[in-house]
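Chain by chain, the residues:
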Amino acid sequence: QPTNGVPQDTFKIAVVVPFSGVYGIHGQSIRRGMEIAMEERGGKVLGKPLELTWNDDDSKPQVGVQKATQAIAGGAQVIFGSVSSPVSLALMSVAAQNKVPHIVTGSADDRITGSDRSRYTFRTANPYNMEMRMTMGYIEAAGFKTLYAIGPDVGAARDAWAGIQADLKRAGVTVAGESFLPLGTNDFSVAVDKIMKSAPDGVISFFTGGDSVTFTRQATAVGLRNKSKLFGPTAYDETTNAALGASAIGLQSGVRYSKEVDNASNRRFVAAYNRKFKEDPPVYAGIAYNGFAWLLDTIDATKSWDRERWIAAFETSKRPESVQGPEEMRACDHQAIHDGLWAEVVANPANPSNPLMKLAKTFPAARLYGPCGGVK
Amino acid sequence: MNTLEASATRAIDPGGTAAAAEGAEVLRIEGLRAGYGAGDIVQGASLALAAGGALAVVGRNGVGKTTLLRAIAGQLPMTAGRRLLGGQDATHAESFELSRRGLAYIPADRQVFKTLSVRENLLLGAYAHGRGEWTKEAVIDRLFPRLGERYGTLAGSLSGGEQQMLTIARGLLSNPKVLLLDEPTEGLAPVMVDVFVQAMQRIRDSGVAMMLVEQNLAVPRKVATRYLVMDAGEVVWSGDAADLAGDAALVEKYLLL
Amino acid sequence: MTAGALLDRAGRAGLLLVGLLVLSPFLLRHSGFTLFLTTVLIWAIFALAFDLCFGLAGMMSFGHAAFFGVGAYTVAIVGQLTGWPFALLLACAMAVGLVHGLLVGLIGMRSSGVYFGLFTLGMAELVYVLFSTRLRPVTGGADGLSGLKQPALAWTGLAPDLAYYAMTSVIFVAVLLAVAVFRRSAYGRVLNAARLNEVRAAQLGFHVRRMRVVAFALSASGSALAGALLGTKMFYASPQLLQWSLSGDILMVAVIGGSGTLLGPVAGALVVETLRHFLSDQTIHWNGLLGAVFIAVTLFMPKGVVGQIPAVAAWLARRRQPRAHGPLASPATGGNRP
Amino acid sequence: MATLLLGLSIGILLFLLAAGLTLIFGLLGIVNLAHGSLYMLGAYLGYQTVQATGSFFLALVVAPLAVAALGAAIEWAVFRRIYRQPHFLQFLLTVGVLLVIEEAVRFGWGLTYLKLDEPAVLGGVTDIAGVSFSNYRLFCTGAGVCAAAALFWALDRTAAGTILRAAQENDAMLASLGINVKRVRTAAVAVGAGVAAFAGVISAPLLPIEPSMGMRIILDCFVVVIIGGLGSIRGAIAASLLIGMTRAFGEQYFGDWVQVCIYGILVATLLVRPQGLFAHQARLS
Amino acid sequence: MTALACRHVGMRFGAFAALTDVSLRFERSRFYGLIGPNGAGKTTLINVLSGALQPTSGEVELDGRPMHRASRHAFARQGLARSFQTSSLFNELGVRESLVLALQAKSATQSAWRDPMADARLCAGADAMLGRLGMRHMADERVGALAHGWQRLLDLGIAFIGDAPIVLLDEPFAGIGHSAIGATEDAIRELARGRTVVMVEHNMSVLMRLAEDIVVLAGGQVLARGTAEEVRADAGVRRAYLGEHA
Ligand SMILES: Nc1ncnc2c1ncn2[C@@H]1O[C@H](COP(=O)(O)OP(=O)(O)OP(=O)(O)O)[C@@H](O)[C@H]1O
Ligand SMILES: Nc1ncnc2c1ncn2[C@@H]1O[C@H](COP(=O)(O)OP(=O)(O)OP(=O)(O)O)[C@@H](O)[C@H]1O
Ligand SMILES: [Mg+2]
Ligand SMILES: [Mg+2]
C-alpha cells in the first residue's frame, strides 16, 4: 500500500460495481461512462496514466469490501462505487479505515451522506430524500387528488413514502391505499386489482428496474392506466422503456441524468458516447461519467498526491457546467447539490418499440435539499 | 461307505433328481472375470447351460458365487470373457437387453422396489415382455397365494419371506429362457420351499435352463442336473451330480467343514 | 509401504500444509493476501461447523445461512447496544447460535433426511423474511446494519488487518482441533454410524435423536461464530448472509472439499474462495466458469478434493510396490448398486 | 369471491412455474436447481422465435421443444452419471448447469431487458365477478389447467411414473427386468425441461425477459414443491392453490405478513406432515 | 423368572392385522424358537419386543418393567439386543470398528470424548468376537464389501457382543453357507449360555437342536407352543408350516 503523498507510476483507481446478477446491467453502463471520461483526459491524471481495476461486487457488501480492500492493498488511490446501497455503505467503512477517498454515484440511500456520512465519502448523485421532494413537486404540479403507493417491502421505499405524508396532507392529496410487496414478487394481480378498485388519480411506484417493468406490464394489461397515471422517483429509465415498448409512453419518472440537459459538456459527452457505443448514454453511464470526471478534474487541479488535499479540494468544488447541470459539493455532508430532473416517456419516431425519456421538468436545487450538520 | 462319503452323499444326493433330457445350449460363458474395482473376484469362469438343465453353483461363503451370477446378468461389468445367449454373442449387451433376450436374474438380497406396491412390482416384471405361461394370475394362483393377499401393500413392508416370493414371481413374469437364481429359498418357510422346488422342477422340465446358487443343499439335490463348485473366485470342479457325490474328497474340501 | 500408511502420511502432510497456509500471511505481509486468507479461514470455520452436522451426523441442512447470518447480526446488534469487548460479543454470537440451533433441531427432529433439510430451509427463510422486513427497527431491514466495530487489537503490535487475521487464525486452529477431537470421539463415531444406519445405532442403545440435536446445535454455534467473524471483518451484517443461496454455498464448499472428512471442508473453502477470487478478477463471465468447475467436480471427483487422496495414495503405493497383494486381497470400494 | 378468483389465477400460474421442477424431482429424484434457468431459456428462445417468425403460438411450441432437446442432451451428458450418487452431488451438479446456462444467455443476449408481447388475439380485458382479468391472463390459467391434466394423465395412466419411481430406488434391478432405464430417464428430463420452458414462454409477456428471471422464481417453485410433497403433481396443484390463496387473501387483509405467513405454512406443513401434503408415503420399518 | 413378556399384543397396519392378541412369557436363561409360515408375524413380534414398533394394543414388559411407548434405545439400555432378518449394518465402517461401536454402547466407563478405536480393551473384545465367528482375518475389511454370508455373521456378532441378557435373533442362519452352519450353531449355543434367547428360524434341523421351547405363530396368532417333539407332532403346525419336513 503506497504511503500517502508519494507519486506513483500509475494512478490506480478501484472501481467496485456489479457486473453480474440483477444490477449487472448497470455495471456495464457505469464502465462505459467512465471510459468516456478517461479518454477525454487522455487517460491521465496528475500526468500519470490511469489504471482502473474493474471489480465485480456481485451486489454483496461482503464481496465489495473484499475487492476494495484488495485493490487498496494493490495501491488504489480512490474507491469508486457502488450501485446497491448496502455495498456503498460497506465500502464507506473500508475507505474510512484506509483513509482513501470514496466516490458514490449510484446509491441513493440517505444514510450515505446523512447519519453515516464520512470524511472520505462523496456522493455526486441524488439521495432519496431529494428525489422524493422532486416527486412531491410533480404530484402537486399534476394536481392529483388521490394517490396509491406501491413498492417493494424495503426500508428505503417505506421511509420515502412515510417522509412525504405530511406534504401530501398539506397539498390536499388523499391516500387511496398502499401495497409494499415482498422482494421478488412476480405476480402483482392482487395489488393491481386493489388499485383498480380504489381508482386513484395517480399511482406512485417505488419499484425500479425489472420489478418496475413487471408491475407496469401487468397494470397496463388490465387497463389500469386508462384511469390512473403511473410515476415514481426512479421507476423508469431507458432500460425499462426497452422492456415495455410503446406501452411505456406517458409514464413519468425522476431521472438522475438526462442526455437533454442543455449545456456544452453534456453535448460533448453525448456525442462521444454516441460515437463510441452507437447508442444514447443511459442514466448510469451519465452519473458515472459525471462523478468520475469531477473527481479527476479535482485531483488534477491539486497537483498533489496528498489524498487529504484532494478531499479538501473536493469538499469545496463547484461544477457550473456538469452533465447534470450546475453543481456544487456541500462540504458539510459531501453531498453534491444539483437540480432535479423529471422525465416523461414519449414516442420515438425512429424506433416505435423503444420510446424515449424526455426531460419534462427541472426542479431547482434550492428546494430539494434539506439542511445538514457537519462531518462526523 | 465311510463317514466322509456318507456325509458327502447326504449333502449331494445324486438319486433325488429326475435328470431330464437336456436340450440345446442356451447360455455359454467363457473365461469370465469380474470384480468390484480393485482386482477381479471371479477369475476366468466358464460354463454352459442347456435348455432343461439346471446347474447348481455351490461353494463356501464369499467365494464369488453372487459375483459370478451378477456378472452373467450384466449387473456387474465383465472385465474379461465372453457371453453367448442362444448361440449369439451377448458380451457387450446391457442388462435390459439380456432380459429381453430371455435371461432373468433373481438376486439374493431380494431387491424388491420397496416404495412400490406388490402389484406395481409385478407390473414392472412383466412390463417389457410379452405374455407367456407365467402371468400375474398364474404366479399368484399356482405359486404364492400369499402375494395375492398382500397385493396392494408396499413391497418394503412385506415380510422377508414374502419379499423373497415377490422377487421370484417378478423374475418369472418375463417368461425367461434362462433363469439365474441366487439363494432363492432364503427366508422361505419349509412348506414354501417345497412349493418352490416343485415349481422349479416343472419349469426346468418345460425346457428352461437354470443356474442356481444355494446354501440349502436340499434344494439343488432335488432340482440340479449338474453342479459347479467354486472356491476363491475360481471354478474348481464341474460335472454331474452323481460324480460330485462320488468325489468325497472334493466335497469335503469345498463344501463341508 | 501400504496404501493405509500412505494415507496417514497424506493426512499429516495435509495438516502441515494447513499449518503453512495459516502462517503465510505473517511471512508475506501483503494486506490483500491477508484479507483473502482471512475470508478463507472464516469460510473454513463455517464449513467445518457445517460438516459436523452434514458430513458427520448426516443431517441435511439447507438452512445454515440462518445461523451464520444471525451470528453476524448478534455482534452488530449487541455491539451497538452494549459496547462489550469483542470476545464477549463472539461468545454471545455462539450462544445465540447454540440456542437457535437447539430450537431448530428440536422442532425439526420429527423429520429426517432430505425432509429435515427442507425444514431447515423453511426455518432459515422465515428468519430471512423476518429480519429483512418485519424486524427492521432492530435489523435494518433489507439494507442490513453497517459499521460493525472491529475489535481493538492494537496491543498485539500488528497492523489492523494482520491482527484480525491472527485472531481469526487462532480461532480457526481451535475449531479445527475441536472438530478433530469430536470426530474421533465416541460421540462422533456414533453419530457417523447413525448416519450410515440409524435403526441399528438406536437398537444398540444410542439415543440417536438427542445426539443429533446436540451435534446440530454445536454446528449452528460454530456457524454463528464464523458469521460473527465475517460480519465484523466486512463491517456489515446484511440479510444476504441469511439467504438460502449462502446455505447452498456452504454445502458446495463442503462437497467440493470432501464432506465427511476433517480437512475436506478446509480444502473446499480454500478451493472455492480461490476460484471465486481468481475467476471474478479475470472475466465478468466468471459465474459460468464456476458452474463448469462444479460440473467437472461432480463428474470427476465426486468425493471432493480430499476424496481424491486415497486414489492417489493407492496409485502411489502401487507404483512403489508392484504386485504386493493378490488380486483377491483387498477389494476396494465400488459396487454399483445404490 | 373476487379474491378467491385472484388466488386461483395466481395459484395456477405458480403451478405452471413449478410443474417442471416437481416432475423432474418426482420422476428422477433430482432436485433440479437448474429449473429456473431452463424456464428463462424458454423465455429467451420464445423471444427469438417471435423475432424470427412473428408468431407467439409457434414460439409456444418451438421453444419448449428446443429446451426439451437441450434437457435430453444434458441428461445424456451429465445427469445420467449421478443418479446413484447422494442428493447433495446432484445439487452441486444442477447448480453448475444453472450457472453455465445463465452465463450462456448473458453471453448470447446481453444483460438488457427484452420484451415479448402477448399475441394480439389475446389482448383485451374480461371482467369476472368484479375483477378485471386480461384475456392473456385467462389464457395462462387455461394453459395451467391443461398442463396439470396432461401431467396427471402421464403419471397416473401410464407406467412411466411407476418405472421412474422404481428407477430411483434401484435402477440396476429395473434394467434386469428388461426396461431401458436410460431412455426413459432421458425422456423424463426432456419433458421436465420442456414444461419449464413452456412456463417461460407463457409468462414472458407478464415480465421483462432478463438473465436473472430464473433465479427470481426458483424459491417460489421450491415452496410449492416442498409443501405439496416432493414429486407429487397432485400435491403441487394443492400447494400452488394454497399459496395463491394465501397471497390473494394476505395482500387483501394483512399485507405485511404475507411472506412470513407463507414460510410459516411451509414450516408447519413439514412439522405436521414431514413429507409434504401428498408425498408417496413409504411405510417402511 | 420372566425376562420378557407381552400381554394381549395386537399390531395393525391400517386394516391389516399382523398380530392379534399375542401373550407370551420368556423365562430367564432359556432358548426359545419362534417359527411360523411366511408373513405369520414373527418379525413383527420381534419388532414389538425390541421397541422397533409400538404395538397398537397390549403391552410389553422387560425384566418386570412395563415398556409402554419406549423406543429402541430404551429397550437396548434395559439389556435387550437383537439381530435383523436382512442384515442391518454400518456399510462404510470396518468390521472391527462396527463391533467396537456395539461394545462401546454398553461400557459406561468409556468417556464420550475418548477415541474408542484407541481403547485396547474394546478392540480386544471385538477381536474375540471375530475369532469366535471365524472372521478374524476380515477385521479391517469394509463391511459393505463383505459377501452376504459374512454380513449375516457380523450382524449376529453385533447382537451378541454387548453381553445383553436378552437377545432376539431373526433368522440368523439364512444365508450362512452349508459348510459354516455347524460352526455358527456352536457359536450361538456358546454365546446363548446364561441368556434369554428368542430365535426365529426356518432351518428346522438347527432350530430343533438349539431351542428348548418353541412357539409357533400363524396368521398373527399363537398356533402352538411346546418342546420340539410336541410341536413337530402338532397336526396344525405340520399343515401350516412344516409340510413334509416334519
Ligand atoms: N460390493 C462389493 N464391493 C467389494 N467387494 C465385494 C462386494 N461384494 C462382494 N465383494 C467381495 O467379493 C467376494 C465374493 O463375494 P460374493 O458375494 O460373490 O460371494 P458369495 O460366494 O456369493 O458368498 P455368499 O455365499 O456369502 O453369498 C467377497 O470376498 C466379498 O468380500
Ligand atoms: N409396516 C407394515 N405395513 C404393512 N404391513 C406390514 C408391515 N410390516 C409387516 N407387515 C405385514 O405383516 C405380516 C407379518 O410380517 P412379518 O415380517 O412379521 O412376517 P414373518 O413372520 O417375519 O415372515 P417371514 O418368515 O417371511 O419373515 C406380513 O404379511 C407383512 O406384509
Ligand atoms: Mg452370495
Ligand atoms: Mg421375518
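A quick note: this is a predicted structure, and the numbers were derived from the prediction, not measured. (Residues numbered from 1 in each chain as written. Chains lettered and ligands numbered in written order. Predicted model: local features only at pLDDT ≥ 70, side-chain atom pairs only at ≥ 80, totals over all residues. Heavy atoms only, no water.)

*Asks:* I keep staring at the site of ligand 1 and nothing clicks. Help me out?
*Replies:* Around ligand 1 sit 19 residues, and of these Gly62(B), Thr66(B), Thr67(B), Ala145(E) and Gly149(E) come closest. Each of chains B, C and E places residues near ligand 1. In the environment of ligand 1, an oxygen atom lies 3.3 Å from a nitrogen or oxygen atom belonging to the backbone of Val63(B). Coverage of ligand 1 by the protein amounts to 91% of the 630 Å² it exposes when considered alone. Going through the elements one at a time, α2 (65-73) of chain B together with α5 (148-161) of chain E are the ones with two or more residues in the shell around ligand 1. The leading source of residues in the shell around ligand 1 is α2(B), at three residues. In terms of residue class, the shell around ligand 1 is made up of eight nonpolar, nine polar and two charged. (Near = heavy atom within 4 Å. Polar contact = N/O pair within 3.5 Å; in protein donor to acceptor, adjacent residues only side chain to side chain. Areas by Shrake-Rupley, 256 points an atom, 1.4 Å probe, with all protein chains shown as cover. Helix = DSSP H or I, 4+ residues; strand = E, 2+ residues; numbered from the N terminus. Nonpolar A, V, L, I, M, F, W, Y, C, P; charged D, E, K, R; others polar.)

*Asks:* Explanation requested: the pairing of strand β3 (residues 54-58) of chain B in the structure shown.
*Replies:* Taken residue by residue, a regular strand's side chains alternate between the two faces of the sheet. Residue and element names in this part refer to chain B. Burial of β3 is extensive: five of the five residues sit out of reach of the surface. Here β3 shows no split at all, with Ala54, Ala56 and Val58 on one side and Leu55 and Val57 on the other all buried. With four bridges joining them, β3 and strand β8 (residues 209-213) adopt parallel strand pairing. Of the residues in β8, the one forming a bridge with Ala56 is Leu212. (Buried < 20%, exposed > 50% of the residue type's maximum accessible area, 1.4 Å probe, protein only. Pairing = 2+ DSSP bridges.)

*Asks:* I tried to follow the interface of chain C and chain D on my own but got confused; where do I start?
*Replies:* Facing 39 residues of chain C, the contacting portion of chain D comprises 39 residues. In terms of surface lost to chain D, no three residues of chain C exceed Tyr115(C), Arg134(C) and Trp244(C), which account for 16% of the buried area on that side. There are one salt bridge connecting chain C and chain D. Two residues, Arg134(C) and Asp256(D), come together in a salt bridge whose shortest N-O distance is 3.6 Å. There are five residue pairs in polar contact (both at pLDDT 80 or more) connecting chain C and chain D. Counting only elements with at least two residues in the side of chain C that touches chain D, the list comes to α5 (113-134), α11 (244-257) and α13 (286-300) of chain C. Ranked by residues supplied to the side of chain C that touches chain D, first place goes to α5(C) with 12 residues. (Contact = heavy atoms within 4.5 Å. Buried area = accessible area lost by both parts, 1.4 Å probe. Salt bridge = Lys/Arg side-chain N within 4 Å of Asp/Glu carboxyl O.)

*Asks:* Sorry if this is basic, but what is going on with the sheet that holds strand β6 (residues 80-82) of chain E here?
*Replies:* Residues and elements named next belong to chain E. Reading across the sheet, the six strands line up as β6-β7-β8-β3-β9-β10 and stay open at both edges, with mixed pairing between neighbours. Edge positions in the sheet fall to β6 and β10 (221-226), since each has one partner strand and no second. Ignoring which end each strand starts from, the neighbouring axes of this sheet average 20 degrees apart. Sheet contacts for α5: β6 and β7 (166-170); angle to β7, the most-contacted strand, approximately 165 degrees. Of the strands in this sheet, β3 (31-35), β9 (213-218) and β10 touch helix α9 (residues 235-242), which is tilted by about 120 degrees from β10. (Axes fitted to C-alpha atoms, helices over the stretch in contact; angles between N-to-C directions.)

*Asks:* For this particular structure, what's the right way to read the sheet that holds strand β4 (residues 57-62) of chain E?
*Replies:* Sheet strands pair by backbone hydrogen bonding; their relative direction is either parallel or antiparallel. All names here are of chain E. Spatially, four strands are ordered β2-β1-β4-β5 in an open sheet, and the strand pairing comes out antiparallel. A single partner strand is all that each edge strand has here, and the edge strands are β2 (16-27) and β5 (65-66). In this sheet, β4 lies alongside strand β1 (residues 2-13) in antiparallel orientation, the contact comprising five bridges. Opposite Ala5, over in β4, you have Glu61 as the bridge partner.

*Asks:* Just to check I follow, could you spell out the pairing of β2(E) for this structure?
*Replies:* Residue and element names in this part refer to chain E. Pairing of β1 with β2, which is carried by eight bridges, proceeds in the antiparallel orientation. Each bridged residue has a counterpart across the sheet, and for Ala5 the counterpart in β2 is Arg25. Remark: two residues form the turn of the hairpin made by β1 and β2, two consecutive strands paired antiparallel; Gly14 in that turn has positive phi of roughly 60 degrees.

*Asks:* I would appreciate a short explanation of the site of ligand 2 in the present structure.
*Replies:* Around ligand 2, a shell composed of 23 residues is seen, among which Arg146(B), Ser159(B), Gly161(B), Thr43(E) and Thr44(E) lie nearest. Between ligand 2 and Thr43(E), the relevant distance is 2.6 Å, taken from an oxygen atom to a side-chain nitrogen or oxygen of the residue. Taking 640 Å² as the accessible area of ligand 2 by itself, protein coverage stands at 96%. Contributions of two or more residues to the shell around ligand 2 are made by α7 (160-172) of chain B together with β2 and α1 (42-49) of chain E. Along the lines of polarity and charge, the residues of the shell around ligand 2 split into six nonpolar, 11 polar and six charged.

*Asks:* What is the right way to look at helix α1 (residues 2-28) of chain D in this model?
*Replies:* Note on helix geometry: an α-helix contains 3.6 residues per turn, so any two residues three or four positions apart are oriented the same way. All names here are of chain D. Over its 27 residues, α1 extends 39 Å from the first C-alpha to the last, a length consistent with the 39 Å expected when each residue adds 1.5 Å. At Ala18, α1 shows its strongest bend, of approximately 45 degrees. Of all the 27 residues making up α1, 25 are buried; the element is thus mostly covered by neighbouring parts of the structure. A positive backbone phi angle near 70 degrees is found at Gly29, which sits one or two residues after α1. (Expected span 1.5 Å × (residues − 1). Bend = angle between axes of the 7 residues up to and from the residue.)

*Asks:* Looking at this structure, how should I read the coordination of the magnesium ion (ligand 4)?
*Replies:* Protein coordination at the magnesium ion (ligand 4) comes from Thr43(E) (OG1) and Gln85(E) (OE1), with a distance range of 1.9 to 2.2 Å. With Thr43(E) in helix α1 and Gln85(E) in the loop between β6 and α3 (95-104), the pair connects residues that are 42 residues apart, well separated along the chain. (Donors = N, O, S within 2.8 Å, 3.2 Å for Na, K, Ca; no water.)

*Asks:* It is not clear to me how the packing of helix α2 (residues 61-73) of chain A against helix α3 (residues 85-98) of chain A should be interpreted in this structure. Could you clarify?
*Replies:* Each packed pair of helices is defined by two parameters, the angle between the axes and the distance between the axes. Residues and elements named next belong to chain A. Where α2 meets α3, the axes come as close as 8 Å, and the angle between the chain directions of the two elements is 30 degrees. With respect to α3, the axis of α2 lies roughly parallel. Helix-helix and strand crossings are classified by hand; for α2 and α3 the assignment is right-handed. Residues Pro61, Gly64, Val65, Ala68, Thr69 and Ile72 of α2 touch α3, and the partners they reach there are Pro86, Val87, Ala90, Leu91, Val94 and Asn98. Counted by class, the contact of α2 with α3 contains nine nonpolar, three polar and no charged residues. (Parallel < 35°, antiparallel > 145°, perpendicular 65-115°, else oblique. Left-handed = near helix turned anticlockwise from the far one by under 90°.)

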